[in-house]
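Chain residues, written in single-letter form:
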Amino acid sequence: MTNQEIQDQIVEEFSGFTDWMDKYAYLIELGKELTGFKEEFRLKENLIKGCQSQVWLHAELKDGNIIFYADSDAILTKGLIALLLRAFSGFSP
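Description of the structure in this document. Bear in mind that the values here come from a model prediction, so they are computed numbers and not experimental data.

**Overview of the pairing of strand β2 (residues 65–72)**
- Judged from the 8 bridges that link them, strand β1 (residues 55–62) and β2 form a sheet pairing that is antiparallel. Across the sheet, His 58 pairs through a bridge with Tyr 69, a residue of β2.
- Remark: 2 residues form the turn of the hairpin made by β1 and β2, two consecutive strands paired antiparallel; Asp 63 in that turn has positive phi of roughly 50°.

Structure follows, in structure tokens:
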């Protein structure tokens, strides 16, 4: 699946919600499902500056593709991160 196809899929998923609370609930669900962030990545240099919540981002180049790992201490932010990882992780730079 291409990056654009994944983004289109995300847009389609959210267009099915008519109520903002349903969208928030979906984001919270995505945040709860986000896994794979190792404690060794929870470093000061991986902390995103300027966020109200704490957000850590770590990237690695594997087989020519960038793999992103991220986590947050805020569940809604964690859901947004899950969407970003889904759309951008695993693709070539």
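On we go from here.
**Describing the environment of Leu 76**
- Checked against the element boundaries, Leu 76 lands in helix α3 (residues 75–88).
- Look at Leu 76 and you get partly exposed, because its relative accessible area is 34%.
- Separated by 56 residues in the primary sequence, Leu 76 and Trp 20 place their C-alpha atoms 13 Å from one another.
- Setting aside anything within four residues of it in sequence, one finds Leu 76 in contact with Tyr 24, Leu 27 and Ile 28.

**Overview of the packing of helix α2 (residues 20–33) against α3**
- Contact pair α2 / α3: the axes reach a minimum separation of 7 Å and the direction vectors enclose 75°. Looking at the two axes, α2 sits roughly perpendicular to α3. Contacts between α2 and α3 involve Tyr 24, Tyr 26, Leu 27, Ile 28, Leu 30, Gly 31 and Lys 32 from the former and Ile 75, Leu 76, Lys 78, Gly 79, Leu 80, Ala 82, Leu 83 and Arg 86 from the latter.
- Grouping the constituent residues of the contact of α2 with α3 by class yields 10 nonpolar, 2 polar and 3 charged.

**Thoughts on the packing of aromatic side chains**
- Across all of its chains, the model carries 6 aromatic pairs by this definition.
- Between Phe 14 and Tyr 26, the ring centres sit 5.3 Å apart and the planes meet at 70°, which makes this aromatic pair edge-to-face. In this pair, Phe 14 sits in helix α1 (residues 3–15) while Tyr 26 sits in helix α2, placing the two residues 12 residues apart along the sequence. For the pair Phe 14 and Tyr 26, a shared accessibility class is recorded, and that class is buried.
- By the ring-pair criterion, three or more aromatic residues cluster together here, those being Phe 14, Phe 17 and Tyr 26.
- The positively charged end of Lys 23 is found above the aromatic ring belonging to Trp 20, 4.2 Å away from the centroid.
- The ring of Trp 56 carries the charged tip of Arg 42 above its face, separated from the ring centre by 4.5 Å.

Reading the values: the criteria
- Residues numbered from 1 in each chain as written.
- Predicted model: local features only at pLDDT ≥ 70, side-chain atom pairs only at ≥ 80, totals over all residues.
- Heavy atoms only, no water.
- Pairing = 2+ DSSP bridges.
- Helix = DSSP H or I, 4+ residues; strand = E, 2+ residues; numbered from the N terminus.
- Buried < 20%, exposed > 50% of the residue type's maximum accessible area, 1.4 Å probe, protein only.
- Contact = heavy atoms within 4.5 Å.
- Axes fitted to C-alpha atoms, helices over the stretch in contact; angles between N-to-C directions.
- Parallel < 35°, antiparallel > 145°, perpendicular 65-115°, else oblique.
- Nonpolar A, V, L, I, M, F, W, Y, C, P; charged D, E, K, R; others polar.
- Phe/Tyr/Trp six-rings, centres within 6.5 Å; stacked < 30°, edge-to-face > 60°.
- Lys NZ or Arg CZ within 6 Å of the ring centre and 35° of its normal.

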